4 protein chains.
Amino acid sequence: MLSLGCPDALGIVARLSGFLAGAGAWIVEAAYHADPDTGWFFTRQAVTASSVRMSLEEFRERFAEIAATFGKEAEWSVHDTGEPKRIVLLVSKEGHCLHDLLGRAATGELPAEICAVIGNHTSLEPVARAHGLPFQHVPFPADPEQRSAAFEQVRTLVDAHDPHAVVLARFMQVLPPELCAHWKRKAINIHHSFLPSFVGARPYHQAHERGVKIIGATCHYVTAELDAGPIIEQDVVRIDHSYSIADMVRHGRDIEKIVLSRGLRWHLEDRVQVHGRKTVIFS
Amino acid sequence: MLSLGCPDALGIVARLSGFLAGAGAWIVEAAYHADPDTGWFFTRQAVTASSVRMSLEEFRERFAEIAATFGKEAEWSVHDTGEPKRIVLLVSKEGHCLHDLLGRAATGELPAEICAVIGNHTSLEPVARAHGLPFQHVPFPADPEQRSAAFEQVRTLVDAHDPHAVVLARFMQVLPPELCAHWKRKAINIHHSFLPSFVGARPYHQAHERGVKIIGATCHYVTAELDAGPIIEQDVVRIDHSYSIADMVRHGRDIEKIVLSRGLRWHLEDRVQVHGRKTVIFS
Amino acid sequence: MLSLGCPDALGIVARLSGFLAGAGAWIVEAAYHADPDTGWFFTRQAVTASSVRMSLEEFRERFAEIAATFGKEAEWSVHDTGEPKRIVLLVSKEGHCLHDLLGRAATGELPAEICAVIGNHTSLEPVARAHGLPFQHVPFPADPEQRSAAFEQVRTLVDAHDPHAVVLARFMQVLPPELCAHWKRKAINIHHSFLPSFVGARPYHQAHERGVKIIGATCHYVTAELDAGPIIEQDVVRIDHSYSIADMVRHGRDIEKIVLSRGLRWHLEDRVQVHGRKTVIFS
Amino acid sequence: MLSLGCPDALGIVARLSGFLAGAGAWIVEAAYHADPDTGWFFTRQAVTASSVRMSLEEFRERFAEIAATFGKEAEWSVHDTGEPKRIVLLVSKEGHCLHDLLGRAATGELPAEICAVIGNHTSLEPVARAHGLPFQHVPFPADPEQRSAAFEQVRTLVDAHDPHAVVLARFMQVLPPELCAHWKRKAINIHHSFLPSFVGARPYHQAHERGVKIIGATCHYVTAELDAGPIIEQDVVRIDHSYSIADMVRHGRDIEKIVLSRGLRWHLEDRVQVHGRKTVIFS
C-alpha cells in the first residue's frame with residue numbers, strides 16, 4: 001500500500017506508475033485526486049505484495065528517491081497491509097458504539113484487533129470482558145488538575161498498545177490539546193450531530209429545539225478545536241415532528257454506529273488522506 | 001379542511017369528532033399531534049365538503065363555539081379546499097427554482113395558480129413570459145433608503161394578488177422585518193444549505209471549505225432573524241472530496257427544487273402548523 | 001393501547017373518541033388511516049392507563065360492544081403496553097443481526113425480553129451465552145422428512161415462551177406453510193434485498209450480477225409464499241461498480257440490522273396493522 | 001478525454017501514463033477500475049488539451065499503437081471535450097422530464113445542445129416551441145406494420161442530427177430490436193421503478209399493489225430486452241401506506257428527473273463505460 005500527497009505537477013502519475021511497473025508491482029486498486037483549490041495531488045496505490053520483486057525495506061528506500069522529486073512537502077507512506085492493525089477504544093457510559101464494534105469484531109468484519117477498552121466509568125466493563133477483552137477503568141475527577149493526571153494515565157495505557165487508531169466510542173471527555181497533537185490523525189471521534197450543526201453538548205436536544213427534519217452523525221479526526229477536526233464520514237436520518245428526544249437519540253444511534261464503523265474502516269485501510277481541514281477518501 | 005392548535009386537554013378529539021359527526025362530515029384524512037414539551041395539541045381534519053349538512057359559513061360559526069372551549073390561545077381555521085389558491089414568486093438571477101415551479105404548474109402538479117413573477121433582475125423575464133405569466137421588474141439599488149422603497153413596491157405588487165404564499169424562489173434580497181411580519185407564515189424561502197449549518201451567504205462555499213460529506217437545502221417560513229424561521233422541509237445529497245463548488249451547486253440545486261416544491265405543496269394544502277419555532281407537518 | 005381495523009364508515013372516529021372520553025382515557029397518540037382502494041379504516045390509539053376509570057377487562061368488554069357496530073369483519077385488540085413483551089430469535093451462522101439485537105437489549109433499547117436463541121448451527125451459541133441467554137441447537141438434516149421433525153422441535157421450543165414475535169435473524173431455513181400459518185403476523189424475517197427485487201437465495205450475488213446502483217433490505221411477516229409476505233420496513237444504501245460482493249454484503253448487513261430492528265420495534269409497539277398484502281405503519 | 005477498456009494486465013497504467021507524460025499531457029482527472037470477476041480494466045483520463053504537444057489526430061494515431069498492445073478486444077476512444085455535444089429527445093404525453101431538461105438547458109447546466117424534440121403525441125409541442133426548439137410529431141398507429149414505418153421516420157429524424165444521445169424522456173413506445181442495436185450505448189431511457197423491481201407497464205401501480213416502502217427510478221441504456229439494459233443510475237424515495245398512486249407518481253417524478261439528468265450528464269461527459277450488462281461510472 002502506497003499513499004502519497006504532494007504538490008500537483010506534470011508527470012507524477014507517470015513517474016509513480018513507471019516505478020511500480022519497474023518493481024513488477026501489480027496494481028489492484030489505484031486512485032488519484034488533484035485539488036484545484038490547493039494545488040495538491042493525492043494518490044493511493046494498492047499493489048499485490050507477492051508481485052513486488054524486492055523487500056518492503058528496499059521498496060521504501062527506492063520509492064523515497066522518487067518521492068524526493070515530488071517536492072519537500074510531499075508526505076508518503078508505504079506499508080504492508082498484511083500486517084494486522086490494532087485499535088484501542090475509549091468509552092464512557094453509552095454502550096451502543098462499543099456493542100457495535102464488538103459485534104463487528106466477533107463476526108470478523110473489523111479489519112483490526114481490539115487491544116483494550118478504557119472507560120472513565122465501569123458500566124461497560126462486563127460487555128468488554130464478555131468479549132474476552134481487557135477493560136481498564138480510569139476515573140475522571142471534576143478537579144481540572146486531577147483530570148490531566150487521568151489523561152496521562154489514559155495516554156500511557158493507550159500507547160502501550162502502539163495502536164493504529166484510538167477510537168472515542170462516545171467517550172465524553174474532551175481531549176486536551178497536547179493529546180490531540182500526540183494522537184494526530186489517529187484519534188477518531190464520533191459526534192452525534194451532522195456537523196457543523198450542533199457542536200458541543202447535547203446535540204439531539206439542540207436539534208429538537210431547532211425543529212430540524214433530518215439528524216445525523218459525524219466521524220472526524222480529533223483536533224484541539226472542539227468538533228472541528230477533518231470530517232471522515234457523515235450520514236443522516238429523516239425525522240419528523242412526532243419524534244421525542246428519546247426517539248431522536250434512538251434513531252441517531254443507528255447512524256452513529258454506521259458512520260463510526262465506516263470512518264474507522266477507511267482509516268484502517270489507509271483510505272483517508274488529510275490536507276488542512278479536509279479529507280480525501282479513496283473508498 | 002379544519003386546522004386547530006390549542007392547549008392539550010382531555011376530550012378534545014371527542015368533542016371535535018362529535019361535532020363533525022353531528023354535521024354529517026365524512027372525514028377523509030385526520031391527523032393529530034400532542035407535543036409533550038409545550039403541551040400543545042395540533043389537528044388537521046379533511047372532510048368531504050358535500051357530506052356536510054350546512055354552509056361553510058354556518059359550519060365556521062358553529063365550530064367557533066366548540067373552539068372557544070379549547071382555550072383562548074386556540075388557533076383554528078376552516079376553509080374550502082375547492083377554492084383555488086394563488087401564489088406569487090420572487091426571483092433574482094438564478095432560474096432553477098423558477099423553471100421547476102413553472103414546469104410543475106404546466107404539468108398540473110402545482111396545487112395553485114402562479115399569479116405573477118417579480119424579479120430584482122430582468123434575466124428571468126423571458127422564461128416567465130414564455131409560460132404566459134406577467135413579469136414585474138423591481139430594481140434594488142445599493143442605497144439602503146432606496147431599498148425600502150423597492151420593498152414597498154414589491155409589497156404592493158404582491159398584495160394585489162392576495163396570495164396564499166409568497167415564494168422566495170432564490171430571491172437574494174433579505175426581507176425587512178416589517179415585511180416578514182406582514183407576510184408571517186406566508187413568505188416561504190428556500191435556503192441552499194442544511195440549516196442551521198451555513199447560515200447566510202455562499203453556503204456551498206462554506207460547505208466546501210469545511211469539507212462536509214453531505215449537503216442539503218431547507219425550506220422555511222421567513223422571519224426577521226435570517227435563516228432562522230420555522231423549518232418546513234429539508235433534504236440532503238451525498239458529496240465527496242472530488243466535488244468542486246460548481247458540482248456542489250449543481251447537485252444542491254436538485255435538492256433545492258425538490259425541497260421547495262414539497263414545502264410549498266404542504267403549505268398550500270394546509271398541512272403545516274407552526275408553534276413557536278417548530279412546525280408540525282401532517283403529510 | 002387500542003388497535004382497530006374495520007370497513008370505513010361515517011362516524012367511526014366520533015363513536016371511538018366518544019367512548020374513550022367517556023372512559024376518561026387521555027389519548028397520548030392517535031393515528032388513523034382510511035384506504036380508498038379497499039375501503040378499510042385503520043386506527044391506533046394509545047391512552048394513559050392510569051387515566052382510564054375502569055379495569056382493562058371492563059374496558060375490553062365495553063369496547064367490544066362499540067366494535068360490534070363497526071361490522072363483523074372488524075378486527076381489534078386492546079392491551080396493556082406496560083406488560084413486558086417476549087421474543088425468540090432463530091439464527092443460522094451469520095451473526096450480525098443477532099449481535100445487533102443483543103446489543104440493543106443490553107443498552108435497554110429493545111422493547112422486549114429475548115427469551116431464547118435457537119440455531120440450526122452452533123456457531124452463535126457462545127455469543128448468546130455471553131449475554132446470559134439460553135441457546136438451543138436444533139440441527140436440520142438434508143432429508144426433507146427429518147426436516148419436518150426439526151421444525152416441530154423448533155415450534156415446541158418457541159411456543160414454550162408464548163412470544164410476541166418470532167424473529168428470523170438471518171435464519172436460513174424456509175418455514176413450512178403450516179408454521180407460517182401458526183405464527184401468522186408473529187414471525188418476522190429480514191431478507192437481504194430490496195424486495196421484490198432478488199427474491200430467494202444469494203440476493204447480493206443477484207444484485208452484483210445485475211449491476212444495480214443501490215442495494216437494500218426488507219423486513220416482512222413470513223407467509224407461505226417465499227419472500228412475499230406483508231412488508232414492514234425497507235431501506236437501502238448506495239453502492240457503485242467498485243463494490244465486490246464482499247463489500248455489498250458488508251454494507252448490506254448494516255441496512256439489514258437497522259431495518260430488522262425498526263420493523264421489530266414497530267411490531268412490538270403494535271404500530272403495524274395488516275390488511276391483505278399490505279401494512280399500515282403508525283410510526 | 002481518453003477512455004479505455006481492455007483485459008487487465010501488468011503495466012497498463014505505466015504504459016498509459018508514460019505515453020501521456022511523453023505527449024506533455026497534463027492529467028486533470030484520472031480514474032481506474034479493475035473488475036476481478038471479468039478481468040477487465042477500465043480507465044478514463046481527462047487531460048488539458050492545450051498541454052498536449054500534438055494534434056488530436058496525431059494523438060489518436062500514436063495512442064492506437066499503444067492500445068494495440070493491450071489486446072485485440074481493447075476498446076478505446078479519444079476525443080475533444082471542447083466539441084459541443086448534441087442530443088435529441090423522444091417524448092409522449094408526460095412532460096415532467098421534458099420540462100426538467102429544458103429548464104437545465106435554459107440555466108446552462110446541460111452539457112449539450114438539445115437539437116430537437118420528437119413526440120408521438122402533440123401535447124408537448126407548445127413547451128418545446130416556447131424554448132425555441134423544433135418539435136416533430138410522428139404518430140404511432142396501433143397496427144404493428146405501420147408502427148415500424150413510424151419508427152423508421154423517428155430514426156431518420158433523429159439521425160439527421162447525428163446526436164451523442166437519444167433520450168427517451170418518458171417516451172412510451174418500446175423500441176424495436178434493430179433500433180436498439182442501431183443506437184447501442186446511445187439511447188438512454190428513464191424507467192419509473194427501481195429496476196429490476198416492476199419491469200414493464202404501470203410500475204407505480206405494481207409498487208402500490210405490493211406495498212413497498214420505497215420507490216425509485218432507473219436510467220439505463222436501451223437494449224432489446226425490455227428494461228434490462230445496463231443501469232447508469234438509480235435513486236429512490238421513501239413512501240408510506242398513506243401514499244395514493246397519485247402521490248407515488250408525484251414523488252416518483254422528482255426522482256425520475258434527477259436520475260435521468262444525472263445519467264445523461266455522465267453519458268455526455270464520457271464517464272460511463274459498459275462491459276456486458278454492467279456499467280462503470282467514473283463520476
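Residues numbered from 1 in each chain as written. Chains lettered and ligands numbered in written order. Predicted model: local features only at pLDDT ≥ 70, side-chain atom pairs only at ≥ 80, totals over all residues. Heavy atoms only, no water.

> Can you walk me through the relation of the copies chain A and chain B in this structure?
These two copies of the chain differ by a rotation about an axis and a displacement along the same axis. With an RMSD of 0.0 Å, chain A superimposes on chain B once it is rotated by 180 degrees and translated 0.0 Å along the axis. What the rotation and shift describe, once combined, is the action of a two-fold rotation axis. Scanning chain A for the C-alpha nearest the rotation axis identifies serine 197 of chain A, at a separation of 2.5 Å. Looking at the interface residues of chain A, 100% of them are also at the interface in chain B, so both copies use one shared face. (Least-squares fit on C-alpha atoms with pLDDT ≥ 70 in both. Contact = heavy atoms within 4.5 Å.)

> Sorry, what's going on with the relation of the copies chain A and chain D here?
Screw-axis analysis of chain A against chain D gives a translation of 0.0 Å along the axis, an RMSD of 0.0 Å, and a rotation angle of 180 degrees. Interface overlap between copies: 100% of the residues of chain A at the interface are likewise at the interface in chain D, consistent with a symmetric, same-surface contact.

> Which parts of the structure should I look at to understand the interface of chain A and chain D?
How big an interface is tends to be reported as the loss of accessible area on association of its parts. Counting from both sides, the interface comprises 17 residues of chain A and, opposite them, 17 residues of chain D. For the pair chain A and chain D, the two sides together bury roughly 1200 Å², of which 73% comes from carbon and sulfur. Together, Leu10, Trp26 and Tyr32 of chain A form the three largest contributors to the area buried by chain A at its contact with chain D, with a combined 39%. In this assembly, chain A and chain D are joined by 1 residue pair in polar contact (both at pLDDT 80 or more). (Buried area = accessible area lost by both parts, 1.4 Å probe. Polar contact = N/O pair within 3.5 Å; in protein donor to acceptor, adjacent residues only side chain to side chain.)

> Is there a simple way to explain the interface of chain A and chain B in this structure?
Counting residues at the interface gives 33 residues for chain A, matched by 33 residues for chain B. Here chain A and chain B share an interface that buries about 2900 Å² over both sides, 54% of which is from carbon and sulfur atoms. Looking at the side of chain A facing chain B, the largest losses of area belong to Arg210, Lys213 and His241 of chain A, adding up to 25% of the total buried there. For arginine 238 of chain B, the salt bridge identified is with aspartate 235 of chain A, shortest N-O distance 3.5 Å. Counting every contact that joins chain A to chain B gives 21 residue pairs in polar contact (both at pLDDT 80 or more). Elements with a minimum of two residues in the side of chain A that touches chain B: helix H7 (203-210), strand S11 (231-238) and strand S13 (278-281) of chain A. If one sorts the elements of the side of chain A that touches chain B by residue count, S11 of chain A sits on top with 7 residues. (Salt bridge = Lys/Arg side-chain N within 4 Å of Asp/Glu carboxyl O. Helix = DSSP H or I, 4+ residues; strand = E, 2+ residues; numbered from the N terminus.)

> Can you walk me through helix H5 (residues 144-159) of chain D in this structure?
Working note: α-helix, 3.6 residues per turn, so residues spaced by three or four point in the same direction. All names here are of chain D. Over its 16 residues, H5 extends 22 Å from the first C-alpha to the last, a length consistent with the 22 Å expected when each residue adds 1.5 Å. For H5, every residue scored as buried is listed here: Ala150, Phe151, Val154 and Val158. The buried side chains of H5 occupy one side of the element, clustering within an arc of 100 degrees when seen end-on. Opposite the buried face of H5, by more than 90 degrees, sit the exposed residues Glu145 and Thr156. (Expected span 1.5 Å × (residues − 1). Buried < 20%, exposed > 50% of the residue type's maximum accessible area, 1.4 Å probe, protein only. Arc of directions from axis to C-beta.)

> Before we go on, may I ask you to explain the environment of alanine 246 of chain A in this structure?
Tracing the backbone shows alanine 246 of chain A in helix H8 (residues 245-268). Sequence separation between alanine 246 of chain A and histidine 208 of chain A is 38 residues, and the spatial gap between their C-alpha atoms is 10 Å.

> Can you help me understand the domain arrangement of chain A in this one?
All names here are of chain A. What the domain assignment lists for chain A is domain 1 (2-78) and domain 2 (86-281). Summarising the inter-unit geometry, the C-alpha centres of domain 1 and domain 2 are found 32 Å apart. With 11 residues of domain 1 at the contact, the number on the domain 2 side is 7 residues. Taking both sides of the interface into account, the surface hidden between domain 1 and domain 2 amounts to around 810 Å²; carbon and sulfur atoms contribute 46%. Across the domain 1-domain 2 interface, the total number found is 2 salt bridges. (Domains from an automatic or database assignment.)

> Just to check I follow, could you spell out helix H3 (residues 96-106) of chain C for this structure?
All names here are of chain C. Burial of H3 is extensive: 9 of the 11 residues sit out of reach of the surface. Buried within H3 are the following residues: His96, Cys97, Leu98, His99, Asp100, Leu101, Leu102, Gly103 and Arg104. In the stretch just after H3, glycine 108 is the one whose phi turns positive, near 75 degrees.

> Can you help me understand the UniProt feature "domain: Formyl transferase N-terminal" (unreviewed entry) in chain A in this one?
Here the UniProt feature "domain: Formyl transferase N-terminal" (unreviewed entry) sits at residues 85-262 of chain A. Span residues 85-262 of chain A is 37% helix and 23% strand, its end C-alpha atoms 16 Å apart. (UniProt positions renumbered as here; feature names shortened; annotations may be inferred.)

> It is not clear to me how the sheet that holds strand S3 (residues 40-47) of chain A should be interpreted in this structure. Could you clarify?
Hydrogen bonds along the backbone pair up the strands of a sheet, which may run parallel or antiparallel. Residue and element names in this part refer to chain A. Taking strand neighbours across the sheet as the criterion, the 4 strands line up as S2-S3-S1-S4 in an open arrangement whose pairing is antiparallel. Each edge of the open sheet is held by one strand with a lone partner, namely strand S2 (27-35) and strand S4 (75-78). In this sheet, neighbouring strand axes are inclined to one another by 10 degrees on average, regardless of whether the strands run parallel or antiparallel. Across 4 bridges, strand S1 (residues 2-7) lies against S4 in antiparallel orientation. Counted as the bridge partner of leucine 2 is valine 78 from S4. (Pairing = 2+ DSSP bridges. Axes fitted to C-alpha atoms, helices over the stretch in contact; angles between N-to-C directions.)

> Sorry if this is basic, but what is going on with the pattern of salt bridges here?
Two side chains bearing opposite charge may form a pair once their charged atoms approach each other closely. Residues and elements named next belong to chain A. Per the stated rule, a full pass over the model turns up 89 salt bridges over all chains. Of the charged contacts in the structure, one is a salt bridge between arginine 60 and glutamate 57, with a shortest N-O distance of 3.0 Å. In this pair, arginine 60 and glutamate 57 are both assigned in helix H2 (residues 56-68), 3 residues apart and thus about one turn of the helix distant. Exposure remark for glutamate 57: the relative accessible area of 46% places this residue in the partly exposed category. The residue glutamate 94 makes a salt bridge to arginine 170 at a minimum N-O spacing of 3.1 Å. Placement of glutamate 94 in the loop between strand S5 (86-91) and helix H3 (96-106) and of arginine 170 in the loop between strand S8 (165-168) and helix H6 (177-182) is noted, with a sequence separation of 76 residues between them. Take glutamate 94: its relative accessible area is 26%, and that puts it in the partly exposed class. We classify arginine 170 as buried; its relative accessible area is 4%. Salt bridges here are not isolated pairs; linked through shared partners, they connect Glu29, Arg44, Arg265, Glu269 and Arg271.

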